[in-house]
Amino acid sequence: MTPLLLGVTGVLVSIGILLQILFSDPRRAGRQAAMQLPSVLLYAVAVALLMFSIFPDSYADGRALGFSIGGAAAFVLAFITLSFQWLARAGIRDELEAEVRRAREEVEQLKLRLTIVETAQKPQRLQRTTRTLAFVRQDRRHRLGIITGNIANVTGVDVWVNAENTQMEMARPTEPTISGTIRYRGGRRDAAGTLVDDLIYTELREVARRTPVAPATVFTTTSGALADDNGVKRVLHVASVDGSPGTGYRQVADVGGCMRNVLAELDRLNAAGDQLRTVVLPLLGTGNGGGDPERTAQIMVEAALDYFRAHPASRVRTVYLLAFTDLEEQIVRLVLAEHGDISSLERE
């Protein structure tokens with residue numbers, strides 16, 4: 001056997017093994033049989049080269065598609081025929097594995113819905129800050145995710161989104177809201193913790209000069225003291241609730257537009273030279289606005305995915321939804337798990 005043929009055989013077998021390892025990834029369960037075909041063909045050619053190089057006088061013949069074939073071609077045909085028989089059996093196994101996987105997913109979703117019903121009776125604030133990533137099918141560039149707990153404890157996310165009203169009136173610093181938290185923690189404080197320089201509030205009043213603004217309008221400010229304390233580079237304020245005298249606040253109709261406008265503003269800032277890769281948003285309009293959390297999460301997830309489909313080169317990498325309570329976490333987790341474009345959820 002010549003070194004050249006030996007080398008070619010080794011390369012073919014090595015590529016076949018690498019492909020087989022790649023295609024055996026558990027996340028490809030349910031379609032592994034069909035994906036093994038390239039490996040099978042490489043093995044067939046490699047075995048034929050090996051056999052007829054070591055035993056040049058060996059011979060095999062047969063018929064295929066009405067043609068007579070012999071030598072190495074017949075041997076390859078025999079090997080492929082046996083391989084396809086094995087693939088057919090593997091295909092049946094794949095179908096069974098896919099059915100089992102779907103059944104397990106349905107059971108998990110039912111369990112989650114039951115937990116949501118129970119938790120809805122008395123939601124609890126989440127004390128721990130955890131992160132979960134949701135991977136998008138056929139999109140290696142972008143991801144969705146969940147961050148739990150108080151936004152004041154979130155670090156390392158480039159952009160915080162403030163769910164503001166159409167008057168762009170930030171909440172008082174003492175109010176237990178995201179707007180109040182951003183206003184207080186973004187300002188300059190004295191040693192006693194008293195707000196002495198209302199940085200973000202003042203800047204927002206300057207950029208949003210004429211109010212009320214249209215629903216889903218987005219304004220950008222600097223992050224004030226949040227830059228040093230939490231690593232925040234920018235704060236985006238989106239008009240996600242509308243208020244009127246005597247009736248209070250209500251969620252705006254175009255929640256999806258809020259999400260799309262936020263992502264469009266981030267891409268505009270990135271094009272201008274910023275490096276904004278991650279963003280966290282609350283469930284817009286579900287607090288004082290009274291919006292339904294599950295419906296809101298569904299709209300926001302779909303809007304983010306739609307934006308990334310329309311802008312595949314978007315420099316935004318990860319969009320996190322903030323879950324302040326255990327109920328919100330379970331709702332967002334269920335929405336992501338049930339979405340057909342989400343392949344898996346993993347703790348970061």
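Parameters at a glance
Residues numbered from 1 in each chain as written. Predicted model: local features only at pLDDT ≥ 70, side-chain atom pairs only at ≥ 80, totals over all residues. Heavy atoms only, no water. Helix = DSSP H or I, 4+ residues; strand = E, 2+ residues; numbered from the N terminus. Buried < 20%, exposed > 50% of the residue type's maximum accessible area, 1.4 Å probe, protein only. Contact = heavy atoms within 4.5 Å. Areas by Shrake-Rupley, 256 points an atom, 1.4 Å probe, with all protein chains shown as cover. 1 Å grid on protein atoms, 1.4 Å probe; cavity = no way out; pocket = protein on both sides within 12 Å on 5 of 7 lines; lining within 4 Å. Points joined across faces, edges and corners; volume = space filled by probe spheres on them. Nonpolar A, V, L, I, M, F, W, Y, C, P; charged D, E, K, R; others polar. Axes fitted to C-alpha atoms, helices over the stretch in contact; angles between N-to-C directions. Parallel < 35°, antiparallel > 145°, perpendicular 65-115°, else oblique. Left-handed = near helix turned anticlockwise from the far one by under 90°. Phe/Tyr/Trp six-rings, centres within 6.5 Å; stacked < 30°, edge-to-face > 60°. Lys NZ or Arg CZ within 6 Å of the ring centre and 35° of its normal.

J.: Mind laying out the overall build of the protein, listing which residues take part and the relevant values?
T.: Tallying secondary structure elements over the protein gives ten helices and 13 strands in all. A burial count over the protein gives 43% of its 348 residues as buried. Across the protein, every contact between residues at least 6 apart in sequence was considered, and the portion connecting residues at least 24 apart equals 65%. When the accessible surface of the protein is split by element, carbon and sulfur atoms take 56% of a total near 18,500 Å².

J.: Please set out the layout of surface pockets residue by residue, giving values where relevant.
T.: Of the pockets and cavities examined, the second largest pocket occupies roughly 970 Å³. At the level of secondary structure, the elements contributing two or more residues to the lining of the second largest pocket comprise strand S5 (159-165), helix H5 (178-186), strand S9 (234-244) and helix H10 (326-338). Per-element accounting of the lining of the second largest pocket gives the leading share, four residues, to S5. For the lining of the second largest pocket, a count of residues per class yields 19 nonpolar, 15 polar and five charged.

J.: I'd like a description of the packing of helix H8 (residues 255-271) against helix H9 (residues 293-310), backed by residues and values.
T.: Running from N to C, H8 and H9 point in directions that differ by 40°, and their axes come no closer than 8 Å. What the angle tells us is that H8 and H9 run oblique. Like other packed secondary-structure pairs, H8 and H9 cross with a definite hand, here right-handed. Side by side, H8 and H9 meet where Val255, Gly256, Met259, Arg260, Leu263, Ala264 and Asp267 of the first sit next to Thr296, Ile299, Met300, Ala303, Ala304, Tyr307 and Phe308 of the second. Tallied by class, the residues present in the contact of H8 with H9 amount to ten nonpolar, two polar and two charged.

J.: An account of the environment of valine 238 is needed here, citing residue identities and associated values.
T.: The residue valine 238 is located in strand S9 in this model. Sequence-distant contacts of valine 238, that is, excluding residues within four places in its chain, are made with Val161, Asn162, Ala163, Glu164, Met168, Ala216, Thr217, Val218, Cys258, Val262 and Leu284.

J.: Any chance you could break down the packing of aromatic side chains for me, citing the residues and the numbers?
T.: According to the stated counting rule, one finds one aromatic pair in the structure shown. Taken together, a centroid distance of 6.2 Å and an interplanar angle of 70° make the contact between tyrosine 307 and phenylalanine 308 edge-to-face. Across the pair, phenylalanine 308 and tyrosine 307 agree in class, each one buried. For arginine 131, the ring lying beneath its charged end belongs to tyrosine 320, and the centroid distance is 5.6 Å. Its end group placed over the ring of tyrosine 201, arginine 183 keeps NZ or CZ at 4.0 Å from the ring centre.

Coordinates in, geometry out; function isn't part of it.
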